[in-house]
Amino acid sequence: MSVGPATLPLPVLVAGARGAIWLSPDGRAEILPSAAAARRARENPPIVCHLRTTAGRLGGEPFRAFDVLELFAFAQPARFCVPTPRGLAACLDLAAPLGPEDEARALRAAADALLVSLASLQGRTRQEARGMAWLMGRAGWPWAPPVLSALAEPGLPADTMPHSRILQESLRVWNRLKEWQEVPGERESGDWPVEPVEARARLVKLLGAGAEARPQQRRYTEAVSAAFLPREREGQPRTVLAEAGTGIGKTLGYIAPASVWAEKNGGAVWISTYTRNLQRQLDGELSRLYPDPDEKGRRVVVRKGRENYLCLLNFEEAVSRTLGRFGPETVALGLMARWALATRDGDMVGGDFPAWLAGLAGRSLTLNLTDTRGECVYAACPHYRKCFIERTVRHARRASLVVANHALVLLQAALGGEDRPGLPTRYVFDEGHHLFDAADAAFSAHLSGLEAAELRRWILGAEERGRSRARGLKARVEDLIGADEEAAHALDQALAAARTLPGPGWHQRLQGGEPFGAAEAFLARVRQQVYARDADSRSSYSLECGIATPVAGLKDAAAALALALTGLERPLGRLAQRLLDKTDAEADELDTGSRLRVEAICRGLTRRALEVRAWREMLAALDAETPPQFVDWFGVERIDGRDIDVGYHRHWVDPMVPFAVALKDTAHGLLVTSATLRDATGDDETDWSVAEVRTGAVHLDAPAARFAAPSPFDYANRTRVFVVGDVRRDSPDQVAAAYRELFTASGGGGIGLFTAVSRLRGVHARIAAALEARGIRLLAQ
């Protein structure tokens, strides 16, 4: 089969809200009712875009079809495209479709273009793709025959089985990934300042010739350069609060001095955001600074929590479960393997993993293969030297600019994480108006059923049969303890004490009034008090009440739990200390992998011990008074009227106090910036004072520099408010059509639709899909 315009003698199906377009192989287009289109599709498998969505619009179950998105994921792995005919056309440089019939033709053209791109593969890459397609074909993947034809070797039939070695290695991607290299020593950064003229020159370079002149952006860049001056005293970082209205260009405005400082001083600047959208935007803007992908790969890294990255051990176990069985799982793993070999950093949540692939292949073999708390065995893992997470951690230690999120940065600053020692000295907190909320979440404590059950699982491992391979603490450290009797005794004590925490089935036991163990007994009393005191206990939403005047038995249950937690905290601390002592005593004998493994385990033990200590201090307040810097309450978390968690919660009255404590010793410079950093009361001094409280600047010894520039946009005269009153909110198609009209009325581009559709319970996903089908992508949901 040749690859070209007539490659695929297949029909094409595009389903809409009120019917469908059926494009025959000869190019004849028909408009069909949904039911008729569904019947025809089941008789003659068509080319579609997103099979599940297409089948849903036709009112039936998925059918056999040639989904162009699957072919895209195979041929162009780790590349983003909007999952619509228009999105595919834009990504493949095809003509933009103007209507449903054009969309059908665009899908056929997209399929041809993807097959042509596969035919151009060479050498080992071509062989690997062919082996993967052959395996997926055995599992019934519809695209396998045309893909194998495009990848066929000269003189051989397209369906010839590839070399057995190629087949064996097809899904074993871990064998083909490069190992990361250990970073030698810690990097000491210099103290050279960034002068405003240097920052301004870098900004001009970033903007390029012909850029729009924006004096506010230039002034912003000069002002924020003060955050990159050397600090004068220990514990007094240079702090700049900079409010820059929308449209000024603050992203490039702070990238300019940050990049200059990193180059002059050989250090790293951490740029922290609150949302993934801004992380993606930053990643794109940094391509201006480093247009060469290889240089950007060396100098820029995006850091996230461990739960965002593909775990190679999880992937290997998924492959092992499917060996010898050819079914849908093989197809899903084949697409995942293609992505794993092409991905920049293994990030599956907001990285280069196409989010729509999880909807096609299923969460269990995509998003659920990420790393999960309590499962990582660090250096004991056979894939440790190729681990995406470990690679990113080490990359960040040598990068110039690290793009992270508020939660990770605060955790690293407070507890050290993988990056202590060697924490950065310069920080940029974009979306600074969210910094208070991020600190509130990072420094709060929750003695809840879910949190305590997670701690039990981290210590004891998985206690129920299922897919979780979570190994308990004993399995992770037993070989490191060796003949150390004191460490072994501490481990045994920790294991025994962990059994007082909520075990499998704790939800049902609490609701049935049959708690087991000290933790469940306490949580049962907490639940009793919340239901007794909340005035709206019949509500479908979460419930709360104060901790004053505890119900009968709650204080006794708290005392029993506090005693049990003491029996857990102490052995965790002793075990960590014994392992550290062993590392010091055997420093000359331990290899690097073993040393790093011990350090990682000790960090985990220390964090857990601190968590338990915070719980004990909370329980003590039930018999005394809550310290004035905290606010405590009991709560029952609910979703649609169903209890999902019960707990005792403690938050800082001002979470910026621990924020300042965590950063002021290590940070030399802080820039907190946002488009809405201040209130708009009209009293400039009051507004700045409130901003200093919300950002924690008031708790730093040195005063913060202030800068503000209004947005160049004329919001008062250009803003339009549309109130839609004739659309049923439970109808995805009506809502989507209404937003399409608003999109057109607004000019059709350059606007972000910030909607309230997330409040439309039960239909949000369908509304989002209907909007995307009309070419509208929600920027915030």
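Residues numbered from 1 in each chain as written. Predicted model: local features only at pLDDT ≥ 70, side-chain atom pairs only at ≥ 80, totals over all residues. Heavy atoms only, no water.

Caption draft 1: View of the overall build of the protein chain. What the protein chain contains, in helices and strands, is 31 helices and 16 strands. The burial tally for the protein chain puts 50% of its 781 residues in the buried class. When contacts within the protein chain are restricted to residue pairs at least 6 apart in sequence, long-range pairs at least 24 apart make up 72% of them. Accessible area for the protein chain stands at about 35900 Å²; split by element, carbon and sulfur atoms hold 51% of it. (Helix = DSSP H or I, 4+ residues; strand = E, 2+ residues; numbered from the N terminus. Buried < 20%, exposed > 50% of the residue type's maximum accessible area, 1.4 Å probe, protein only. Contact = heavy atoms within 4.5 Å. Areas by Shrake-Rupley, 256 points an atom, 1.4 Å probe, with all protein chains shown as cover.)

Caption draft 2: Expanded view of a nonpolar patch on the surface. Residues Leu-411, Leu-415 and Leu-610 make up a contiguous nonpolar surface patch of about 210 Å² in total accessible area. Its location among the elements puts Leu-415 in helix 18 (residues 406-415). (Patch = residues over 30% accessible without salt bridge, like charges linked within 9 Å, V, L, I, M, F, W, Y side chains within 5 Å. Salt bridge = Lys/Arg side-chain N within 4 Å of Asp/Glu carboxyl O.)

Caption draft 3: Seen up close, the side chain of Lys-386. On the secondary structure map, Lys-386 appears in the loop between helix 16 (356-361) and helix 17 (388-398). Once you skip the residues sitting within four places of it in the chain, Lys-386 turns out to touch Trp-174, Asn-175, Arg-176, Leu-177, Lys-178, Glu-179, Trp-180, Leu-312 and Arg-391.

Caption draft 4: Just helix 19 (residues 435-442), in detail. Of all the residues in helix 19, the buried ones are Leu-435, Ala-438 and Ala-439. Here the buried residues of helix 19 occupy an arc of 95° about the axis, which is enough to place them on one side. (Arc of directions from axis to C-beta.)

Caption draft 5: Region of interest: the sheet that holds strand 12 (residues 543-545). Taken in spatial order, the four strands of this open sheet run 11-14-13-12, and their pairing is antiparallel. The outermost strands of the open sheet, each flanked by one partner alone, are strand 11 (445-448) and strand 12. Strand-to-strand twist across the sheet, computed as the mean angle between neighbouring axes with direction ignored, equals 25°. (Pairing = 2+ DSSP bridges. Axes fitted to C-alpha atoms, helices over the stretch in contact; angles between N-to-C directions.)

Caption draft 6: Representation of the packing of aromatic side chains within the structure. Overall, the coordinates contain twelve aromatic pairs when judged by the stated rule. With centroids separated by 5.4 Å and ring planes inclined at 80°, the aromatic side chains of Trp-180 and Tyr-384 adopt a geometry described as edge-to-face. Here Trp-180, found in the loop between helix 8 (164-169) and helix 9 (196-207), pairs with Tyr-384, found in the loop between helix 16 and helix 17; they are 204 residues apart in sequence, far enough to count as distant. No difference in accessibility class separates Trp-180 from Tyr-384, as the two residues are buried. For the pair Phe-429 and Phe-659, a centre-to-centre distance of 5.8 Å together with 65° between the ring planes defines the contact as edge-to-face. Residue Phe-429 is found in strand 10 (residues 426-429), and its partner Phe-659 is found in helix 27 (residues 656-664); the two are separated by 230 residues along the sequence. (Phe/Tyr/Trp six-rings, centres within 6.5 Å; stacked < 30°, edge-to-face > 60°.)

Caption draft 7: View of the environment of Asp-484. For Asp-484, the position within the fold is in the loop between helix 21 (473-481) and helix 22 (485-498). Residue classification places Asp-484 among the buried positions, given a relative accessible area of 16%. Counting along the chain gives 95 residues from Asp-484 to Leu-579, while the straight-line C-alpha distance between them is 9.3 Å.

Caption draft 8: Spatial organisation of the state of the cysteines. Within the structure shown, the criterion is met by zero disulfides. Cysteine Cys-311 remains unbridged, with the sulfur of Cys-381 as its closest cysteine sulfur at 6.1 Å. Cys-311 gets classed as buried once you look at its relative accessible area, which sits at 10%. (Disulfide = S-S within 2.5 Å.)

Caption draft 9: Region of interest: the sheet that holds strand 6 (residues 238-244). In space, the seven strands of this open sheet follow the order 8-9-7-10-15-6-16, with parallel pairing throughout. Each of the sheet's edge strands pairs with one partner strand only, and the pair in question is strand 8 (300-302) and strand 16 (705-709). Strand-to-strand, the axes of this sheet are offset by a mean angle of 15°, without reference to chain direction. Relative to the sheet, helix 17 contacts strand 8 and strand 9 (401-405), its axis offset from that of strand 8 by approximately 140°.

Caption draft 10: Representation of the nonpolar core within the structure. Ile-47, Phe-74, Leu-88, Trp-143, Val-147, Leu-310 and Phe-315 are the most contacted members of the largest nonpolar core, which totals 66 residues. Looking at which element gives the most residues to this core, the answer is helix 15 (residues 328-342), with eight residues. Setting aside residues no more than four positions away along its own chain, Leu-88 makes contact with Cys-49, Val-68, Leu-69, Phe-72, Cys-81, Val-82, Leu-107 and Ala-110. In this structure, Leu-491, Ala-562, Ala-564 and Val-636 belong to the second largest nonpolar core, which totals 60 residues. (Core = buried A, V, L, I, M, F, W, Y, C linked by side-chain atoms within 4.5 Å.)

Caption draft 11: Molecular detail of the confidence of the model for the protein chain. Here the protein chain shows a mean pLDDT of 86. Residues at 70 or above account for 86%. Scored below 50 in pLDDT, residues 1-6 makes ten contacts in the model with residues more than four places away or belonging to other chains. Here residues 774-781 is modelled with pLDDT under 50, and outside its nearest four sequence neighbours on either side it reaches 26 contacts, counting other chains as well. (pLDDT = per-residue confidence, 0-100.)

Caption draft 12: Quick look at unusual backbone geometry. In this structure, His-50 takes a positive phi of about 65° despite not being glycine. Of note, His-50 is situated in the loop between strand 4 (47-48) and helix 2 (51-57). Take His-50: its relative accessible area is 13%, and that puts it in the buried class. Here the phi dihedral of Thr-549 falls at roughly 50°; this positive angle occurs in a residue that is not glycine. Considering the arrangement of structural elements, one finds Thr-549 in the loop between strand 12 and helix 25 (554-585). The class of Thr-549 is exposed, set by a relative accessible area of 61%.

Caption draft 13: Quick peek at the environment of Thr-273. Mapped onto the fold, Thr-273 is located in strand 7 (residues 269-273). For Thr-273, a relative accessible area of 0% corresponds to the buried category. Sequence spacing of Thr-273 and Leu-435 is 162 residues, and the spatial spacing of their C-alpha atoms is 9.0 Å. The residues contacting Thr-273, other than those within four sequence positions of it, are Leu-278, Gln-279, Leu-282, Ala-404, Asn-405, His-406, Asp-430 and Glu-431. Within the local environment of Thr-273, its side chain forms a polar contact with the backbone oxygen of Thr-275, the two atoms lying 3.0 Å apart. (Polar contact = N/O pair within 3.5 Å; in protein donor to acceptor, adjacent residues only side chain to side chain.)

Caption draft 14: Molecular detail of the pattern of salt bridges. Per the stated rule, a full pass over the model turns up 35 salt bridges. Linking Glu-222 and Arg-200 is a salt bridge whose minimum nitrogen-to-oxygen distance equals 2.3 Å. Here Glu-222 is found in helix 10 (residues 215-224), whereas its partner Arg-200 is found in helix 9, with 22 residues between them in sequence. By relative accessible area, Arg-200 is classed as partly exposed at 27%. Where Asp-679 meets Arg-694, a salt bridge forms, and the shortest distance between an N and an O atom there is 2.9 Å. Of the two residues, Asp-679 is situated in the loop between strand 15 (669-674) and helix 28 (684-695) and Arg-694 in helix 28; the sequence distance between them amounts to 15 residues. Residue classification places Arg-694 among the partly exposed residues on the basis of a relative accessible area of 40%. Via salt bridges that share partners, Arg-306, Asp-371, Glu-390 and Arg-394 belong to a single interconnected network.

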